[in-house]
2 protein chains.
Amino acid sequence: VSSSPRTPGTGAGTAAQRVVVVGADAAGMSAAHQALRTARARGHEIAVTVFERTSHTSYSACGIPYLVAGDVAGADLLVARTAAEHRAAGVDLRLGVEVVGLDVVARTVIVRDLRTGERARHPYDDVVLATGAAPRVPPWALDEDGGPVAGVRAVKDLYDGAAWLGMLDAALAGPRPVRGVVVGGGYIGLEMAEAFVRRGLETTLVTRREVMGTLDPDLGARVRAALEEAGVTVRIGADVDGLDTGPDGRVTCVSAGDERFEGDLVALGLGARPRSELAAAAGLSLGERGGLEPDDRQRVADGVWAAGDCCEHLERHGGLRVFVPLGTHANKQGRVAGENLAGGRPPEAMARFGGVLGTAITRFVANGVHVEVARTGPTTEQARATGREVASLVTESTTASGYMPEAAPMAVKVVADAVTRRLLGVQIVGGPGSAKRIDTAAAAIWLHARVDDVARMDLSYAPPFSPVWDPVQIACRRLADRLDRPADAGRQGRPGG
Amino acid sequence: VSSSPRTPGTGAGTAAQRVVVVGADAAGMSAAHQALRTARARGHEIAVTVFERTSHTSYSACGIPYLVAGDVAGADLLVARTAAEHRAAGVDLRLGVEVVGLDVVARTVIVRDLRTGERARHPYDDVVLATGAAPRVPPWALDEDGGPVAGVRAVKDLYDGAAWLGMLDAALAGPRPVRGVVVGGGYIGLEMAEAFVRRGLETTLVTRREVMGTLDPDLGARVRAALEEAGVTVRIGADVDGLDTGPDGRVTCVSAGDERFEGDLVALGLGARPRSELAAAAGLSLGERGGLEPDDRQRVADGVWAAGDCCEHLERHGGLRVFVPLGTHANKQGRVAGENLAGGRPPEAMARFGGVLGTAITRFVANGVHVEVARTGPTTEQARATGREVASLVTESTTASGYMPEAAPMAVKVVADAVTRRLLGVQIVGGPGSAKRIDTAAAAIWLHARVDDVARMDLSYAPPFSPVWDPVQIACRRLADRLDRPADAGRQGRPGG
């Protein structure tokens, strides 16, 4: 049932362009809708079919820790668009259907209906691989059947969300205090620690490196201090490599060498890996991190496009491949893929994904502690690894003018190229209102600004919002001053305002 | 006692360069300290004398409404640096001394000690005019002696702050409810309305145009709605032109034509004008708005520099002169002036002020209402006035992912050049956490970004902070989409995330 490939946009009057999308979350659905919009704008016939093995579509994976914490009343609220809404917009959405084979020469996918077990071949002109990422679950967390040990679970999809709610409700219904262990000190680790503390668990966080390993260690240590202030027991430098179970098969503790951390519930925040098995079996090449490597038009091969967490992304300035599973990139890449596959444009006129800076943000809010964390661009160590001469500096400031009741401490670390004076990266750890300012830095880095440019910008000021010099700006100004006067490298003034 | 002018930096081994600064607030003290730092870095002798007619130095004028509201425990907290701290850093600071004359040929200022009445001549090599701005007080607000009518006052300096605290305490000690009228709907108007409501006053705001006239009227109307929701009586389109007083000489109401607005206390938020009398008397030319017109090196004439609110500023992109009295510009311009007067560099190598975008931010928080307001760049009308073809669009979004408890509405208006697609201006009105995002737009505009660039940027996302597409970004993306498809100009999708 295969068909010969067609060039999009050449088929006026002929059959519609057939598009298959594999995966119905952010990247896949963005691609599907953008393909429909682009085709409609061109008056071009298109048929978009999306296969999704789960029963979920367009949900917020990032919202799951907040569902677990009790901030979100129900898992349905995490669904941005329902299947019915997608279908009403013209997408042929097939839930519970897994794509089990891909023939990029014959331009056909083989699908299996997970309810009936039936297989079918489905021809396409263009396929979009949007298979997402899978959480890393180490062997020690699995039972004999290959499933997670009872009480242990990752935090990735809506099934995990539902499972966590059930596990917590059951544990909290018992007579004794519940102990939670979070393994991993990154974004999910921090957010699950928040969820555990807010649900009343005695919480331990165990991590191999410093907390928030995507920050410079000096800023990561500030996040750790905030966790500890909120009553979380934090153990850094411990590599969890096993667990014990009780007679009922439930976890009782995890272990790192000889050390044991008791817990009734264990959240795994150990990162994710691209789901790229389908692509690999089809003979498509994968990168070092196991992800697809589309070009900046999201094109992998003739008629094959890829977007989102199954891909490695191009870092904007260095051109390196990085793996940054995040909905923001998935959405943007999906749009690029959809526009390009339906646009009928030559490669040089296609839409392009602009690359990633590694911008990320999170928070820990529990037990009267409110710390926000954000970063963009390389850390000091990452910047040095590229062979640059790098200067970096931490500035202590406040989120508002110091005399305002809402003023909270805010540390900004700025990383710059000491020769070109280009701003490379910024990290923020601070109180309420501090972290979203990372976008000022992200915009500046995106547009190739020097620290001097940021120091001169007309940024907003009023006492409830900032000192007179915005903390990001003052940090850039101080680094610029230091680059002017290397001899003064140790000096640090106090913030204005 | 005058002296012949010297070229800075040519005097190694001779007497120190003599610098006089007129005014000891943000601009003046920034200039003074930067001149000292620059001279020290060069190993160049310098003597910096600052004359200030009041007894205050380096205070936050923007903090006064929050002092009045009761957020700030005392006026001393608004002083960023005390006189003693300035002196310890090497500034010869003379408080209570007014500069009453300036001879730019003889390079001399005439000063008068306000306690003793004594006059003296003080020679300089370079003078920095940093005389600030004065609040606009219309004739109807003045009594026969030229002072403000009792109960009526502007909101500009620490004397005003102290007066407001006294007036409020006295009024609130009385038996009946206190009625407050705010005349003017700009930043000070909004902030004094907040202060009045929070102090328990029955508050009326009267303004000639829509509330927040520096926004497009459709966004200004949103701010007005928030004020009304908090119980403020808002009258727009009324031009206050008189007042009545009681037998005790105190204000009882203000009037606009036949209309009367009763009030025991009347705050004037009618803007400010540059204090440039000294410069005018010295024969220096002033701009249309009455301010000094330094070049982007802050140079006015040979040996004469100016910085801060006594100046008209260059708008960054249009090159127009604008009057934007704000501490952020004062600080930056003061640094530029100080560096250049002490740096001994040729004009082409001097530091430059980068211009203003008109970035501004404020909020109204009272009676359970929390609205934040921010803007940067021209409004739609201002952009059209430059002869451009302009496109603008309002996007409704939320401050956090829609399912989070902290999600609040947030409107973003984007103004762009329809031909070049350059981002020109952005306005934000929304809930907690919305306004400081204006800096993302300000950075993008500063660096000449197109709306397409902002749409592609790697901005931060996590559910407590943003929908998947940041509201500023989604607004730019939608305007970019509209510019691609002019026929769809009326269409508005819903925000993602």
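Given the structure is predicted, the values throughout are model-derived calculations rather than measurements.

Colleague: Can you lay out the overall build of chain A for me, pointing to particular residues and giving the numbers?
Modeller: Scanning chain A for helices and strands turns up 12 helices and 26 strands. The C-alpha atoms of chain A give a radius of gyration of 24 Å, which matches the 23 Å a tight globule of 497 residues would have. Considering only C-alpha atoms, chain A reaches an extent of 70 × 60 × 40 Å along its principal axes. A burial count over chain A gives 59% of its 497 residues as buried. When the 56 positive and 60 negative side-chain charges of chain A are each reduced to one mean point, those points stand 5 Å apart.

Colleague: Provide a residue-level description of helix H8 (residues 327-343) of chain A, including the pertinent values.
Modeller: All names here are of chain A. For H8, built from 17 residues, the straight-helix expectation of 24 Å at 1.5 Å per residue is met to within 8% by its first-to-last C-alpha distance of 24 Å. Taking burial as the measure, the 17 residues of H8 include 16 buried ones, the bulk of the element. Immediately downstream of H8, the backbone of Gly344 shows phi near 65 degrees, a positive value.

Colleague: Explain the pattern of salt bridges to me, and be specific about the residues and the numbers.
Modeller: Counted by the stated rule, this structure contains 69 salt bridges over all chains. Notably, a salt bridge pairs Arg153(B) with Asp160(B), separated by 2.7 Å at the nearest N-O pair. On the basis of relative accessible area, Arg153(B) is assigned to the partly exposed category, the value being 22%. Look at the salt bridges and you will find they share partners, linking Asp71(A), Glu194(A), Arg198(A), Arg363(A) and Glu406(B) into a network.

Colleague: Before we move on, can you summarise the relation of the copies chain A and chain B with the specific residues and values?
Modeller: Superposing chain A onto chain B takes a rotation of 180 degrees combined with a translation of 0.0 Å along the rotation axis, leaving an RMSD of 0.0 Å. Given the turn and translation reported, the copies of this chain are related as if by a two-fold rotation axis. Relative to the rotation axis, the C-alpha of Thr440(A) is the closest in chain A, positioned 2.2 Å from it.

Colleague: Give a detailed account of the packing of aromatic side chains, specifying residues and quantitative values.
Modeller: Each aromatic ring pair is described using two quantities: the centre-to-centre distance and the angle formed by the ring planes. All chains considered together, the criterion is met by 2 aromatic pairs over all chains. Taking NZ or CZ as reference, Arg477(A) lies 4.4 Å from the ring centre of Trp469(A), over its face.

Colleague: Before we move on, could you go through the side chain of Lys413(A) and cite the residues and values that matter?
Modeller: Residue and element names in this part refer to chain A. Relative to the assigned elements, Lys413 resides in strand S25 (residues 409-417). Residue class for Lys413 comes out buried when judged on its relative accessible area of 8%. Polar contacts involving the side chain of Lys413 include one to the side chain of Asp216, which spans 2.8 Å. In contact with Lys413, not counting residues within four places along its chain, are Asp216, Asp218, Leu219, Thr380, Ser392, Leu393, Val394, Gly425, Val426 and Gln427.

Colleague: Hey, could you go over the sheet that holds strand S12 (residues 233-236) of chain B for me, with residue numbers and the actual values?
Modeller: Each strand in a sheet pairs with another by means of backbone hydrogen bonds, the pair being arranged parallel or else antiparallel. Residue and element names in this part refer to chain B. Overall, parallel pairing links the 5 strands, which are arranged S9-S16-S10-S11-S12 in an open sheet. Strand pairing shows two members of the sheet lacking a second neighbour, strand S9 (152-154) and S12, which therefore form its edges. Sheet twist, expressed as the average angle between the axes of neighbouring strands with direction ignored, equals 20 degrees. Here S9 runs beside strand S16 (residues 265-268); their pairing, made up of 3 bridges, is parallel. Bridging across to S16, Arg153 finds its partner in Ala267. Most of the contacts of helix H5 (residues 187-198) go to strand S10 (residues 179-183), to which it runs at about 170 degrees, and overall it touches S10, strand S11 (202-207) and S16.

Colleague: Outline the interface of chain A and chain B, listing residues and values.
Modeller: Size of an interface, as often reported, equals the accessible area lost when the parts are brought together. Listed as interface residues are 68 residues of chain A and, on the opposing side, 68 residues of chain B. Approximately 5,700 Å² of surface area, both sides summed, lies buried where chain A meets chain B, with 62% of it carried by carbon and sulfur atoms. In this structure, Arg335(A) engages Asp481(B) in a salt bridge whose closest nitrogen and oxygen atoms are separated by 3.3 Å. Of all the secondary-structure elements, those providing two or more residues to the side of chain A that touches chain B are H8, strand S22 (360-366), helix H10 (438-446), helix H11 (451-456) and helix H12 (471-484) of chain A. Residue contributions to the side of chain A that touches chain B peak at 7 residues, all from H10(A). Tallied by class, residues from the side of chain A that touches chain B come to 32 nonpolar, 15 polar and 21 charged.

Colleague: Break down unusual backbone geometry for me, citing the residues and quoting the values.
Modeller: Located in the positive-phi region is Gln298(A), a residue other than glycine, with phi close to 70 degrees. Structurally, Gln298(A) is set in the loop between helix H7 (277-281) and strand S18 (299-301). A positive phi angle is found at Arg107(B), which is not glycine, with a value near 55 degrees. With respect to the helices and strands, the residue Arg107(B) is situated in the loop between strand S4 (97-103) and strand S5 (108-113).

Colleague: Explain the nonpolar core residue by residue, including any values.
Modeller: Counting residues in hydrophobic clusters, the biggest one holds 69 residues, and the most contacted among them are Val414(A), Leu423(A), Val451(A), Val414(B), Leu423(B) and Val451(B). Dropping the residues within four chain positions of it, Val451(B) is found in contact with Val414(B), Ala416(B), Arg421(B), Leu423(B), Cys476(B), Leu479(B), Ala480(B) and Leu483(B).

Colleague: So, the environment of Asp481(A): which residues are in play, and what are the values?
Modeller: Turning to its location among the elements, Asp481(A) is positioned in helix H12. Residues Asp481(A) and Val451(A) lie 30 residues apart in sequence; the distance between their C-alpha atoms is 9.6 Å. Within polar-contact distance, the side chain of Asp481(A) engages the side chain of Arg335(B) at 3.3 Å.

Colleague: I'd like a rundown of the environment of Arg437(A), residues and numbers included.
Modeller: All names here are of chain A. Secondary-structure assignment places Arg437 in the loop between strand S26 (423-430) and H10. The class for Arg437 is buried, based on a relative accessible area of 5%. A distance of 3.0 Å separates a polar atom in the side chain of Arg437 from the backbone oxygen of Gly433.

Colleague: Let's hear about the sheet that holds strand S6 (residues 119-123) of chain B: which residues, and what values?
Modeller: Residues and elements named next belong to chain B. Read across the open sheet, the 3 strands follow the order S4-S5-S6; overall the sheet is antiparallel. Both outer strands of the open sheet, S4 and S6, are each paired with one neighbouring strand and no more. Between one strand axis and the next, the sheet turns through 30 degrees on average, direction left out of account. Note that S5 and S6 share 5 bridges and pair antiparallel.

Basis of the calculations
Residues numbered from 1 in each chain as written. Chains lettered and ligands numbered in written order. Predicted model: local features only at pLDDT ≥ 70, side-chain atom pairs only at ≥ 80, totals over all residues. Heavy atoms only, no water. Helix = DSSP H or I, 4+ residues; strand = E, 2+ residues; numbered from the N terminus. Rg over C-alpha atoms; globule rule 2.2 N^0.38 Å. Buried < 20%, exposed > 50% of the residue type's maximum accessible area, 1.4 Å probe, protein only. Lys, Arg positive; Asp, Glu negative; His and termini not counted. Charge placed at Lys NZ, Arg CZ, Asp CG, Glu CD. Expected span 1.5 Å × (residues − 1). Salt bridge = Lys/Arg side-chain N within 4 Å of Asp/Glu carboxyl O. Least-squares fit on C-alpha atoms with pLDDT ≥ 70 in both. Phe/Tyr/Trp six-rings, centres within 6.5 Å; stacked < 30°, edge-to-face > 60°. Lys NZ or Arg CZ within 6 Å of the ring centre and 35° of its normal. Polar contact = N/O pair within 3.5 Å; in protein donor to acceptor, adjacent residues only side chain to side chain. Contact = heavy atoms within 4.5 Å. Pairing = 2+ DSSP bridges. Axes fitted to C-alpha atoms, helices over the stretch in contact; angles between N-to-C directions. Buried area = accessible area lost by both parts, 1.4 Å probe. Nonpolar A, V, L, I, M, F, W, Y, C, P; charged D, E, K, R; others polar. Core = buried A, V, L, I, M, F, W, Y, C linked by side-chain atoms within 4.5 Å.

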